[in-house]
Amino acid sequence: MNMVDKVKYVVLCLLFSGILTRGQDSTNTIAFNYSGYLKYTGNQIYQYRSEQNTSWEWLHHRLNLRYDVSKRLSFVSEFRTRIFQGQFVRENKSFILQVNNPNDAVCLNKSWDINESMVLLTRIDRLSGEFNTDNWKIKAGRQRINWGMATIWNTNDIFNTYNFLDIDYLERSSADGIRINRRIGDLSSIEVAYSTALKNRRAITALRYNTNLKGYDISFNAGKYESRTTAGVGWSGNIGNCGFRGEGQFYSSVNSGSVLNLCIEGDYLFSGSWYLNIAGLYCSAGQNTPTKESFSGILQINPIQPMPFRWNYAVCIQKNVWTLWNLSSIIFFVPLSDYLIFYPTVT
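Remember, it's a predicted structure, so these values are computed and weren't measured experimentally.

This brings us to the side chain of Asn-277. Relative to the assigned elements, Asn-277 resides in strand β14 (residues 274-283). Side-chain polar atoms of Asn-277 contact the side chain of Tyr-275, separated by 3.0 Å. Ignoring sequence-local partners within four residues, the contact set of Asn-277 consists of Thr-151, Ile-152, Arg-245, Glu-265, Gly-266, Asp-267, Ala-314, Val-315 and Cys-316.

So this is what it looks like as structure tokens:
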């Protein structure tokens, strides 16, 4: 079987499994459950300063499996397979490294170079076991440890940073680790988490306390990020009919100095299903001068530097035009660095 036939075989398998997963009713109370989707995404990027026009596209299939041994014990495995093709793949020699997850402690990826402009990448994106009691929850394995409270930038996500420009990754990135959660009353909880990664053998250990105060969800966290001590706070609530959220995270000094990341955002739902979100992010370690940073460079972020720029602003506008159709646009701009991204999407 030659390479072209192999690609056709993979695509047919994805299409077939996509049909199967589409018919699954996840509301049924059964021991074994599966779901998933198949979608196509195309990107066209024009960089005004360099007058470069770059394009690439990919086919993305996801398969989610869940097995409930009992009401208290369950296991999850989720698979992510993508076929990338286009100019961006051909010209970017480190493409696979950029789309891989740096949070993995164990490499569960496999890639194939089909030709100079096409790559097939498959990955086990979630692989975990979870045990629950009335007040305790213990989860170990590849999972998402979500401590963020905002929707554009999450400076409190010290385990698996979320990049809002990665519109293809609805489930968001994962981390290999363990977390233990203890519920305290109806509105409060405390959680401790640990994760490690193969890259640089970095380790993260932190504690989080979450509660509700006068209608606001508030969280505090503290721990160790690699060799740095870190602490943060986050909140989510409303001012009138407007949502108001924010997060702040501090990292102690190690050679390059201490770091402070702070994000604040507000959103509002207008009549006619119009949604508006405005957010700002301050990164003390970011650049504050004009830059030639490429789009691929912006996708390479980490908790200490969630964006390569110091002052960042984003405006998100979304409109639901029909039951299954959404129009949205993200405008990301950095005035002091002469950087602007306009990102329209149709889903």
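This next bit is on the nonpolar core. Ile-152, Trp-153, Phe-164, Met-307 and Phe-332 are the most contacted members of the largest nonpolar core, which has 20 residues in total. Taken together, the elements giving at least two residues each to this core come down to β14, β15 (311-322), β16 (325-334) and β17 (339-346). Formed by 11 residues, the second largest nonpolar core is a distinct cluster that contains Ala-193, Ile-204, Ala-206 and Tyr-225.

What follows is about the pattern of salt bridges. One pass over the full model with this rule turns up 14 salt bridges. Residue Glu-171 is joined to Arg-62 by a salt bridge in which the shortest nitrogen-to-oxygen separation is 3.6 Å. Residue Glu-171 is found in the loop between β6 (136-143) and β7 (175-184), and its partner Arg-62 is found in strand β2 (residues 52-68); the two are separated by 109 residues along the sequence. Accessibility expressed as a relative area gives 0% for Arg-62, which makes it buried. Connected through salt bridges with shared partners, the residues Arg-62, Glu-78, Asp-104, Arg-123, Asp-125, Arg-126, Arg-142, Glu-171 and Asp-176 form a single ionic network.

Looking now at the side chain of Glu-130. Note that Glu-130 resides in strand β5 (residues 118-132). Residue classification places Glu-130 among the buried residues on the basis of a relative accessible area of 15%. Separated by 2.8 Å, the side chains of Glu-130 and Asn-132 make a polar contact. The contact partners of Glu-130, leaving out residues within four places of it in the chain, are Arg-72, Leu-73, Ser-74, Lys-137, Ile-138 and Lys-139.

Quick look at the packing of aromatic side chains now. Inspection of every chain in the model, using the stated rule, returns 16 aromatic pairs. For the ring pair Trp-56 and Phe-88, a centre distance of 4.3 Å and an interplane angle of 25° mean the geometry is stacked. In this pair, Trp-56 sits in strand β2 while Phe-88 sits in helix α2 (residues 87-91), placing the two residues 32 residues apart along the sequence. Among the residues examined, Trp-56 registers a relative accessible area of 7% and is labelled buried.

Basis of the calculations
- Residues numbered from 1 in each chain as written.
- Predicted model: local features only at pLDDT ≥ 70, side-chain atom pairs only at ≥ 80, totals over all residues.
- Heavy atoms only, no water.
- Helix = DSSP H or I, 4+ residues; strand = E, 2+ residues; numbered from the N terminus.
- Polar contact = N/O pair within 3.5 Å; in protein donor to acceptor, adjacent residues only side chain to side chain.
- Contact = heavy atoms within 4.5 Å.
- Core = buried A, V, L, I, M, F, W, Y, C linked by side-chain atoms within 4.5 Å.
- Buried < 20%, exposed > 50% of the residue type's maximum accessible area, 1.4 Å probe, protein only.
- Salt bridge = Lys/Arg side-chain N within 4 Å of Asp/Glu carboxyl O.
- Phe/Tyr/Trp six-rings, centres within 6.5 Å; stacked < 30°, edge-to-face > 60°.

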